Amino acid sequence: MKYLMFVCTDTEPDTDPTPEPDVNLWVDRHDASGQRLMGMALAPKSTATTVRVRDGQTLVSDGPFAETKELIVGFDLLECADLDEAIEVAKAHPMARGGRIEIRPQADWDRS
Amino acid sequence: MTEARAAAAQAAAAAATEAYQRIVAPLIRITGDWTLAEDCAQEALALALDRWPADGVPDNPGGWLMTVARNRALDVLRRGTVERRKLRELAVLALTAATAEPEPEEIVDDRLRLVFTCCHPALPLEGRVALTLRTICAVPTPDIARAFLVSESTMTRRLTRAKTKISEARIPYRVPTGPALQERLPGVLAVLYLLFTHGYNPDGEPAFADEAIRLARLLARLMPAQAEAHALLALFLLQHSRRHARRDAAGDLVPLDRQDRARWDRTAIDEAVGILSGLGGTGLGGTGLGEPDLGDPALGEPGPYALQALIAACHATAASVPDTDWRRIADCYDRLAELRPSPVIELNRAVAHGYAHGPAAGLDLLGRARAGGALDGYPLAIAAEADLTARAGDRARAADLFRAAAAHAHSDVERRALLDRADELREASDGAAAA
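- Named according to an unreviewed UniProt entry, chain B is RNA polymerase subunit sigma-24 originating from Catellatospora coxensis.
- Quoted verbatim from the Sequence similarities (unreviewed entry) field of the UniProt record, the comment on chain B reads "Belongs to the sigma-70 factor family. ECF subfamily."

- Under an unreviewed UniProt entry, the name given to chain A is Transcription initiation protein, and the organism recorded is Catellatospora coxensis.
- A UniProt comment under Sequence similarities (unreviewed entry) is attached to chain A, and it reads "Belongs to the YciI family."

Written as C-alpha cells, this is what we have:
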C-alpha cells in the first residue's frame, strides 16, 4: 500500500531540547528497508507557481494555491503494509518534531 | 404473551446478542469489509430473533449465526465481479460454524483486535466511541444516535466515515505490541471511560455503563499484565456500586456524604477491592486494600486509573464520611495531580487534604488551585471553601460563602442544598453570638 507523506512546517514545533534525528539517516534507513520509494525537499514557497485551465485558457499565477501558516516543505512516498507501519516511519522523521507530517493513502479506485 | 413465552423470547434475545458479538469480529477479519460483515451478521441476528423464541436456542448459537451470516456474505460476494472479491470468497468459505464455538482463543483475540481498531487514534474520537458501541457492543445505530443527541442519519454518516477510513487508510486489525501498546492502550481505555460516563451521567444511557464494564473485563482478561486495564475495571465497578444510592425518589443526584451506604452494591465493591489488591505496586501504605508491593519495579507506579480506583475504594469501604481514610485519599490526589494536572483534581486534592490534615491545609491548597482562575464561578470550588471555612470556625463567613456558591449552582437541587447549609450555619453563628 502506498502512502504519501507531506512534510509540513508547524507554528508550534516540539520544545524538547534533545536533538532531532538526522534526516539523512532517516532516508538511508527507510530506503534500505524498502519503505521509502522516493521523496524530496521542496524549494521555498516564493518559488511556487499555480496553473489552472478555465474555458481553454491557461491561467498561471504566482504563489501556492492556498495561503496557510503551515507549508509543505517536502514529501516522501512510502510503501507500507498498513497505517501503523506508515505512522512508525513518519514519527521517526525529524520534521515530526520540527513540524508535522500528514499521511495520505493512495486512492483505491477498485474498491466498490 | 405468557410468562414462559416471554422468558423464551428474552433468553433467545440474550443468546443471539451474545453470539452476534462473537461472530462479527471474525467476519470482519475474513471479509475485510466492515459493512458487509455487519450487514450479514445483522441479518443472521434478525433471523435468530425471529426463530429462536419458538424453536429454542440452538446448542451452538454462535455456530448457527455464523453459518447464516457466512452464507449471506457468500451470496453478496458471488454477485460481485471484481477479482479480489473472488479471493475474499475463498477466505469466507474457510469460515466454518466451528469458528464461532464458545470462546476459542482466536475469537476472543479477534474481539481485542477489533477494540484496538475501533479505538485507533487516526479516527475522530466521536467515531471511535460510536464504532465501539456499534461494532463491538452491537448497539443499534438509532440508540447510539439518541444517546449522543444527533439524528440517526448523522450517526450513520459518522459510522460510515470511520469504517471508510479504516478500509482506505488501511488501519490495521491488530493489537500493537511493545512500546506501541503502551502508546495505544491509554486511548483505548479513554474510549471505554467515555462510554462508561455516558452510561453513568444523569442524561446518559444506563446500558452503556454495562457495556463498558463488559469491555473492561475483556481487556483485563486478555491483557493480564496491563495494570491500568484492571484498574479501569475496578474503577467502573466502584462507581457502578453506588448506582442505587446516587439518586433520590425524585431522581435527583444525592451527594456522596448523604447516600445510604447500605444500598451500595457490596458484591461489586468486593470484586473491585480484590482486583486492586491483586495489582500491588500501589505503594500507598497498607490500609486493608491489599498489601502494597513497593519492591516490584515491573509493576511500577500506579497509573491514573489505579489512583482514581484507589480513591473510590477508600470511599466505598468506609462506614461514613468521618471514618474515611482521608490521608490515603490525599496521597492519591497528590500523585494524580502530578500525573494528570487539572483544576478539578486540584480542587478535590484540597478537599481531601482538608479532611486529612485540617482545614488550614485544605484552604491553602484550595487557594493555589484557584490562583489560575479556571475555577472562578465554579460552585463546587466555592462550596469547598465554605465547608473548610466552617470547619476552621468562621461560621458567619462560611454561611456567606455557601450563599455565594448557591448563586452559581447548576440546578435547583444543588441551590437548595447550598442554601440549607448557609441557613444552618447562620443559625449556629447567631446562636453563638447571642449566648
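Okay, back to it.
### Side note on the sheet that holds strand β2 (residues 36-41) of chain A
All names here are of chain A.
Right, on to step 1. In space, the 4 strands of this open sheet follow the order β2-β5-β1-β6, with antiparallel pairing throughout. Whereas interior strands pair on both sides, the edge strands pair on one side only; in this sheet they are β2 and β6 (99-105). With direction set aside, neighbouring strand axes in the sheet form an average angle of 15°.
Right, on to step 2. In terms of strand pairing, strand β1 (residues 2-9) meets strand β5 (residues 72-79) through 7 bridges, oriented antiparallel. Paired with phenylalanine 6 across the bridge in β5 is phenylalanine 75.
Right, on to step 3. In the packing of helix α2 (residues 83-91) onto the sheet, contacts are made with β1, β5 and β6, and the angle to β6 comes to roughly 155°.

### Describing the domain arrangement of chain B
Accessible area lost upon the coming together of the parts serves often as the stated size of an interface.
Right, on to step 1. For chain B, the assigned domains read domain 1 (1-102), domain 2 (105-223) and domain 3 (342-434).
Right, on to step 2. Each of domain 2 of chain B and domain 3 of chain B has a C-alpha centre, and these two points are 39 Å apart.

### Some words on the environment of threonine 160 of chain B
Right, on to step 1. Following the sequence through the fold, threonine 160 of chain B ends up in helix α8 (residues 152-168).
Right, on to step 2. With 29 residues separating them along the chain, threonine 160 of chain B and leucine 131 of chain B place their C-alpha atoms 9.3 Å apart.

### With respect to helix α2 (residues 34-55) of chain B
Residues and elements named next belong to chain B.
Right, on to step 1. Helix length check: α2 (22 residues) gives 30 Å between terminal C-alpha atoms against 32 Å at 1.5 Å per residue, within 8%.
Right, on to step 2. Taking the largest bend as the criterion, α2 deviates by roughly 30°, centred on leucine 49, and proline proline 53 comes between one and four positions later.
Right, on to step 3. Among the residues of α2, Trp34, Leu36, Ala37, Glu38, Cys40, Ala41, Ala44, Leu45, Ala48, Trp52 and Pro53 are the ones counted as buried.
Right, on to step 4. Against the buried residues of α2 lie α1 (3-31), α3 (61-79), α6 (125-136) and α8.
Right, on to step 5. Of the residues flanking the end of α2, it is glycine 56, one or two places downstream, whose phi is positive at about 95°.

### Overview of the nonpolar core
Right, on to step 1. One finds Leu65, Ala272, Ala309 and Phe402 of chain B to be the most contacted residues of the largest nonpolar core, which totals 131 residues.
Right, on to step 2. Apart from residues no more than four positions distant in its own chain, alanine 272 of chain B is found in contact with Ala234, Leu237, Leu238, Ala309 and Ala313 of chain B.

Basis of the calculations
Residues numbered from 1 in each chain as written. Chains lettered and ligands numbered in written order. Predicted model: local features only at pLDDT ≥ 70, side-chain atom pairs only at ≥ 80, totals over all residues. UniProt positions renumbered as here; feature names shortened; annotations may be inferred. Pairing = 2+ DSSP bridges. Helix = DSSP H or I, 4+ residues; strand = E, 2+ residues; numbered from the N terminus. Axes fitted to C-alpha atoms, helices over the stretch in contact; angles between N-to-C directions. Contact = placed C-beta atoms within 7 Å. Domains from an automatic or database assignment. Expected span 1.5 Å × (residues − 1). Bend = angle between axes of the 7 residues up to and from the residue. Buried ≥ 20, exposed ≤ 12 C-beta atoms within 10 Å, placed from the backbone. Core = buried A, V, L, I, M, F, W, Y, C linked by C-beta atoms within 7 Å.

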